[in-house]
Amino acid sequence: MLGFLLARQAGLEDPLRLRRVESTRRNHPDVHKYSVETVQWYPHDTGMFTSSSFDKTLKVWDTNTLQTADVFNFEETVYSHHMSPVATKHSLVAVGTRGPKVQLCDLKSGSCCHILQGHRQEILAVSWSPRYEHTLATASADSRVKLWDVRRASGCLITLDQHNGKNSQAVESANTAHNGKVNGLCFTSDGLHLLTVGTDNRMRLWNSSSGENTLVNYGKVYNDSRKGLKFAVSCGCSSEFVFVPYGSTIAVYTIYSGEQITMLKGHYKSVDCCVFQSNFQELYSGSRDCNILAWVPSLYEPVPDDDETISKSQLNRAFEDAWSSSDEEG
């Protein structure tokens, strides 16, 4: 499997600025009235996508006509929504709002069919497991992260505890994932682990089955966002990485060691979101500078010569083929 390394010292090329193909203008009858917080393709068909906004709506769009096919209205501001990438038995959209209840909307029926109760404050991030279609993770301003099985009446499977139960007598920190608002979460590509970020400037890696805090140390992960922070993980790489918005830059860490690999610089204002595209091994980032950048790993990296005056290039280690043919071995 080809590796992937996003690091300037490993030959990252300058980011590409993407050209807009189509858009809905402000006078479009279906356009959102306030800030759009989340946009997601329908996982099984690019003929449809969804968007949610501070205008208290979740909209389902027809890609070909750029008209809304359905609209879900809520009583509270919408912070985040997510559709399962692997679901075959349901078509639920999980929605996090300023209220403490997680809303589940059914695309087939066009109604909000279920509510998950357990958080005490607003829901800032939601994410379905890429491994189990009925498992949902939610993050809240109440410092808690919960894992749910949406088929169960009680719903909640685990409330993550940063102390792994060893400090349960300390009421203030019992069953909390962070010492502050939890405003971002993301499963690893295999669904076996869950990453969370909080306003305590910490990122944590959890075993998604047992709920155990793996205690990987990422150091200080700057996070002053007052709403959801959308970060991403790599997929199909020899080493797995996590990409976290960090002011006007993007911090890149190895997931299981916690090592910071590099800081990606190209935006001029705060980065709000990152998305990793596994088919092309590319990272896309959106910023308040009104640019969307595509980050592409370079095939070759510069290598200084022995006298340090002449530079040459060698194949980026991320693209070395670990396999050898029988002819080469012979």
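Throughout, a residue's number is its position along its own chain's written sequence, starting from 1. With the structure being a predicted model, the display of local features is reserved for residues of pLDDT at least 70 and the display and counting of side-chain atom pairs for 80 or more, all residues being used for whole-chain, interface and lining totals. Heavy atoms from the whole structure form the basis of all side-chain values; hydrogens and water molecules are not counted.

- Going by what an unreviewed UniProt entry lists, the chain is known as DNA excision repair protein ERCC-8 and is assigned to Phyllostomus discolor.
- UniProt positions are given in the numbering used here, feature names are shortened, and annotations may be inferred rather than shown by experiment. Turning to the chain, the UniProt record has this under Pathway (unreviewed entry): "Protein modification; protein ubiquitination."

## A look at the packing of aromatic side chains
Working step 1: Think of it this way: a Phe, Tyr or Trp ring, Trp meaning its six-membered ring, pairs with another when their centres are within 6.5 Å, and the plane angle makes it stacked under 30 degrees, edge-to-face over 60, tilted otherwise. Under the defined criterion, the tally for this structure stands at six aromatic pairs.
Working step 2: Arranged with centres 5.7 Å apart and planes meeting at 45 degrees, the rings of Tyr-222 and Tyr-246 form a pair that is tilted. Taken as a pair, Tyr-222 in the loop between β16 (202–207) and β17 (232–233) and Tyr-246 in strand β18 (residues 241–246) lie far apart in primary sequence, 24 residues in all.
Working step 3: Ring plane angle 10 degrees and centroid distance 5.8 Å describe the contact between Phe-243 and Phe-276, whose orientation is recorded as stacked. Linking Phe-243 in strand β18 with Phe-276 in strand β21 (residues 271–277), this pair joins segments that are 33 residues apart in sequence. There is no split in this pair, since Phe-243 and Phe-276 are both buried.
Working step 4: Each residue in the set Trp-41, Phe-49 and Trp-61 is aromatic and connected to the rest through ring pairs, giving one cluster. The helix count covers DSSP runs of H or I at least four residues long, the strand count covers runs of E at least two residues long, and both are numbered beginning at the N terminus. Think of it in three bands: with a 1.4 Å probe and only protein chains considered, a residue is buried below 20% of the maximum accessible area for its type, exposed above 50%, and partly exposed in between.

## Description of the sheet that holds strand β8 (residues 102–106)
Working step 1: Only strands joined by at least two bridges in the DSSP assignment are considered to pair. The strand order across the open sheet formed by four strands is β6-β7-β8-β9, and the pairing between neighbours is antiparallel. The open sheet terminates on both sides in strands that have one partner only, identified here as β6 (78–83) and β9 (111–116). Between one strand axis and the next, the sheet turns by 25 degrees as a mean value, whatever way the strands run.
Working step 2: Where β8 meets β9, five bridges bridge the pair, whose relative direction is antiparallel. When the sheet's bridge partners are listed, Asp-106 is paired in β9 with Ser-111. Every angle, taken between N-to-C directions, lies between 0 and 180 degrees, and every axis is a line fitted to C-alpha atoms, over only the stretch in contact when it is a helix.

## Some details on the pattern of salt bridges
Working step 1: One side-chain nitrogen of Lys or Arg within 4 Å of one carboxyl oxygen of Asp or Glu is enough to make a salt bridge. On inspection of all chains with the given rule, the structure shows four salt bridges.
Working step 2: The salt bridge partner of Asp-200 is Arg-204, with a shortest N-O separation of 3.6 Å.
Working step 3: Note that Arg-288 is salt-bridged to Asp-272, the shortest N-O span being 3.2 Å. Of this pair, Arg-288 sits in the loop between β22 (282–287) and β23 (292–295) while Asp-272 sits in strand β21, placing them 16 residues apart in sequence.

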